[in-house]
Amino acid sequence: MRRMIRIFLALIVVVIGMVAVVGWWGHQWLEQPIVQITQPVTFEVPRGASLRAVASDLHQRGWLEQPQLWTLWARVNGRSAALKAGEYQLMPGVTPNSLLQQLGSGVVLLHAITFIEGSTFADIRVLLSRNDAVRLTLQNAGPEEVMRELGDPGVHPEGQFFPDTYHFPRGTTDREILAIAHRRMQDELRAVWAARAADLPLASSYEALILASIVEKETALVSERPLIAGVFVERLRRGMRLQTDPTVIYGIGTAYDGNIRRSDLITDTPYNTYTRAGLPPTPIALPGLDSLRAAVNPQSSGAIFFVATGNGDGSHHFSATLSEHEAAVQRYLRKLRQR
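Predicted model only: the values in this text are computed from it and were never measured.

## Considerations on the nonpolar core
With 52 residues, the main nonpolar core has F115, F161, L178 and L292 as its most contacted residues. Of all the secondary-structure elements, those providing two or more residues to this core are helix 5 (121-130), helix 6 (143-149), strand 4 (165-169), helix 7 (174-194), helix 8 (205-218), helix 9 (225-238) and helix 12 (289-296). For this core, the leading source of residues is helix 7, giving eight residues. L292 has contacts with F162, M185, E188, L189, V192, L209, A212 and P287, leaving out every residue within four places of it along the chain.

Below you can see the structure in the form of structure tokens.
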């Protein structure tokens, strides 16, 4: 009987020793950097993927030598259901243990899309369609349906999205990105309209948005935008037509070939500010914050004309009289001919 007890105790010691060795080895493996990851790599946890499926995927990629041990460790630590879907960037030095923590953190890799100042609604839809991280849900929707989806039915989509860089996880929908950009424009427009100058010839914040879009298309120089806005505001006050080429070009639409002709200036469209008084019916582009601010706080200089200087820096000459403007136009044309 005593001999049986001694054998049993010896077996217990052996088992405990083996468990200790396996535990030590397992701990060492869990804390050893994954040598196969020698540069940043991207790994995606699909929506609804099980722990076993994720471990199998990592193993097939050569990044997890012991998928069974990894899943056992996750279950022992209560992390078997803690993995969060999304893309993760795995860096050199990551260990199986830190990998498990990372995939449960929800700190996913973010992608970016940039809506450029002066671009149109059509432009940003093309950008969304070409970004492979965006999940397209509105690709077959017309402009009216898009705005209805965004909770703003009846509003023309042009100018309604704030130009900026937006970061998002893979799988974000085009609707979600547009909704963020739309809310941002509403917030920025509301703020600048509240800080507007007195006695503006603008009936609403929407008219300010329209004017800002014209200012955006007329100059790339931030310093000139209040002056450009000042010219248009003065023309509106005097009942003069705005006579701005960007609105004509917008009215031409996809038929515009890069050249604006005299025939274009006399062909009436809702956006031709040579043939129609006042502002066009909608914005013509995405105005940035500087253009929004300029539209509601224009700089009055007495000028009612402006033309490019031809200096190569995008600057303009501002004139208060027609004769001064015509002289500035001739100087500009001479510089063009000299080039």
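## Comments concerning the packing of helix 8 against helix 9
The contact between helix 8 and helix 9 brings their axes to 9 Å, and the two run at 125°. In terms of orientation, helix 8 and helix 9 fall into the oblique class. Like other packed secondary-structure pairs, helix 8 and helix 9 cross with a definite hand, here right-handed. Here L211, I214, V215, E216 and E218 of helix 8 lie close against helix 9, whose contacting residues are R225, I228, A229, F232 and V233. Of the residues belonging to the contact of helix 8 with helix 9, the class tally is seven nonpolar, no polar and three charged.

## Quick notes on the side chain of H182
With respect to the helices, strands and loops of the structure, H182 is situated in helix 7. Taking relative accessible area as the criterion, H182 reaches 3% and is therefore assigned buried. One polar contact links the side chain of H182 to the main-chain carbonyl oxygen of Q160, over a distance of 3.0 Å. If sequence neighbours within four positions are ignored, H182 has contacts with M147, L150, D152, Q160 and F161.

The rules we used
Residues numbered from 1 in each chain as written. Predicted model: local features only at pLDDT ≥ 70, side-chain atom pairs only at ≥ 80, totals over all residues. Heavy atoms only, no water. Core = buried A, V, L, I, M, F, W, Y, C linked by side-chain atoms within 4.5 Å. Buried < 20%, exposed > 50% of the residue type's maximum accessible area, 1.4 Å probe, protein only. Helix = DSSP H or I, 4+ residues; strand = E, 2+ residues; numbered from the N terminus. Contact = heavy atoms within 4.5 Å. Axes fitted to C-alpha atoms, helices over the stretch in contact; angles between N-to-C directions. Parallel < 35°, antiparallel > 145°, perpendicular 65-115°, else oblique. Left-handed = near helix turned anticlockwise from the far one by under 90°. Nonpolar A, V, L, I, M, F, W, Y, C, P; charged D, E, K, R; others polar. Polar contact = N/O pair within 3.5 Å; in protein donor to acceptor, adjacent residues only side chain to side chain.

So yeah, pure geometry; function would need other evidence.
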